[in-house]
Amino acid sequence: MRFRPLRGSTAESTELAQVADPPQSMRAVVFDAPGDASVLHESTVPVPAPALSELLVRIVAAGVNPIDAKTRSGAGVSALLPALPSTLGFDFSGVVVRAPFEAHPLQPGTPVFGMVPFPRSGGTYAEYAVVPSLSVARKPSSLSHVEAAGVPLAALTAWGLVVETAHAHEGQRVLIHAGGGGVGHFAVQFAAYFGAHVTVTASGANSAWLRELGASVVIDYATTRFEDVVADVDVVIDLVGNVHGHTGTRSLQVVRPGGLYILVPTGSWPGYADAAAQAGVRSTSYKVVPDGGALATVGRLLDSGAVQVYIDKVFDLTDAAAAHVAIEDGHTRGKIVLRVSDD
Ligand SMILES: NC(=O)c1ccc[n+]([C@@H]2O[C@H](COP(=O)([O-])OP(=O)(O)OC[C@H]3O[C@@H](n4cnc5c(N)ncnc54)[C@H](OP(=O)(O)O)[C@@H]3O)[C@@H](O)[C@H]2O)c1
């Protein structure tokens, strides 16, 4: 006898009854060799098969993140790709098609959002993906799939930085570089939520918006050198690194003795730890963890209205190359999302 879920709203139960068997093949955007955005093209590939505790998910929308473009160009995590052609994409919002077992809490039809273990297996620029069940959470009911797809990788990065690494708390003085981007706009909101005094660097056009999200001070990086106006912060969350204008090196000047410098684009400054030690500053790099439990907490904050996701641009899956050109421009406000299929 088939196990029937005991809990769930009427709407959810109706959706549970409507899940179709997956097809054998699907549309995916792949690349055959490293290069610029034009190497991305649509292809027909087999629908992956879940094993053991994995879920098969129908993707409705996929997040576009800088790591996707870096990897496509031959940097990022390209060395870890098992083979080419490969499908990019780390995060998604969609609907469960296959659950690991009959009594699993995420039954077919359940709307979920989360991360895949790309690059070890397939990405989310595709109609279906196999996902570890611990890397997903129920989609926040107040968000559309397109909105939810903008959350997982960026918000989990911000959560790991602000909550788990910086231990944000009342009165903590934190400086966040690139506060207007995907990770930054969540980091600003989480830090403010936990009572920190938040200073951010961003372009002037994002200033009013970032104050609405909880920043106390917004520094226009195009007109003001942050080290001229900030000093003695407890923590720097550096989402820029030493690629542009030596943001990392300059950041060490504004951290109080014994404070913490966190480098997020880890490849941009191999010597950060020695430089920080010489400056009397603690330091660490950071790598996002695909933590479904933390994502469920973020989902509750989104549903409560305490935290918002900002979607800058939405592209169709067919236009993934244009989405990469947009993310590589480096001036996204919030998130870029690919629409993969209908809800
Ligand atoms: N290690 C990890 O686990 C991990 C996880 C996630 C992301 N990352 C890395 O972290 C970085 C940020 O990711 P993201 O998704 O937030 O990127 P993103 O959304 O593309 O960031 C775009 C933002 O960067 C701002 N910006 C550009 N140059 C700046 C500068 N010199 N000073 C201050 N702000 C600047 C832009 O502001 P304006 O538009 O106002 O100019 C824009 O709002 C990327 O390098 C990404 O690969 C690492």
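Everything here concerns the structure above.
Everything quoted here is computed from the prediction, not taken from an experiment. (Residues numbered from 1 in each chain as written. Predicted model: local features only at pLDDT ≥ 70, side-chain atom pairs only at ≥ 80, totals over all residues. Heavy atoms only, no water.)

Draft legend 1. Spotlight on the sheet that holds strand 10 (residues 197-202). Spatial strand order, 11-10-9-12-13-14: six strands in an open sheet with parallel pairing. The open sheet is flanked by strand 11 (217-220) and strand 14 (282-285), the only strands paired with a single partner. Between one strand axis and the next, the sheet turns by 15° as a mean value, whatever way the strands run. Summarising the sheet, strand 10 and strand 11 pair through four bridges and their orientation is parallel. In the sheet register, Thr201 faces strand 11, and the bridge partner there is Ile219. Along the sheet, helix 4 (residues 152-165) contacts strand 12 (233-238), strand 13 (255-263) and strand 14; its crossing angle with strand 13, the most-contacted strand, is approximately 150°. (Pairing = 2+ DSSP bridges. Helix = DSSP H or I, 4+ residues; strand = E, 2+ residues; numbered from the N terminus. Axes fitted to C-alpha atoms, helices over the stretch in contact; angles between N-to-C directions. Contact = heavy atoms within 4.5 Å.)

Draft legend 2. Broad picture of the side chain of Thr124. Summarising the element assignment, Thr124 is placed in the loop between strand 6 (111-115) and strand 7 (128-132). Those residues in contact with Thr124 that lie beyond four places of it in its chain are Ile59, Ala62, Leu88, Gly89, Phe90, Asp91, Phe92, Val116 and Val340.

Draft legend 3. Local environment of the sheet that holds strand 1 (residues 25-31). The sheet built from three strands is open, its strands ordered 2-1-4 with antiparallel pairing. A strand with exactly one partner marks an edge of an open sheet, and here the two such strands are strand 2 (41-46) and strand 4 (86-87). Pairing analysis gives six bridges linking strand 1 to strand 2, with the strands arranged antiparallel. Across the sheet, the residue bridging to Arg27 is Thr44, located in strand 2.

Draft legend 4. A look at the site of the ligand. Near the ligand lie 24 residues; those nearest to it are Lys70, Ser203, Tyr221, Val288 and His331. Here an oxygen atom of the ligand and a backbone polar atom of Gly182 are 2.8 Å apart. Within the backbone of Thr332, a nitrogen or oxygen atom sits 2.9 Å from an oxygen atom of the ligand. When the ligand sits alone it has 940 Å² of accessible area, and the protein chains cover 88% of it. (Near = heavy atom within 4 Å. Polar contact = N/O pair within 3.5 Å; in protein donor to acceptor, adjacent residues only side chain to side chain. Areas by Shrake-Rupley, 256 points an atom, 1.4 Å probe, with all protein chains shown as cover.)

Draft legend 5. Region of interest: the packing of helix 4 against helix 9 (residues 292-304). At a closest axis distance of 10 Å, the pairing of helix 4 and helix 9 adopts a crossing angle of 100°. As the angle between them shows, helix 4 and helix 9 are arranged roughly perpendicular. Taken together, the residues of helix 9 that come into contact with helix 4 (itself represented by Pro152, Ala155, Leu156, Trp159 and Glu164) are Ala294, Leu295, Thr297, Val298 and Leu301. Its residues assigned to classes, the contact of helix 4 with helix 9 comprises eight nonpolar, one polar and one charged. (Parallel < 35°, antiparallel > 145°, perpendicular 65-115°, else oblique. Nonpolar A, V, L, I, M, F, W, Y, C, P; charged D, E, K, R; others polar.)

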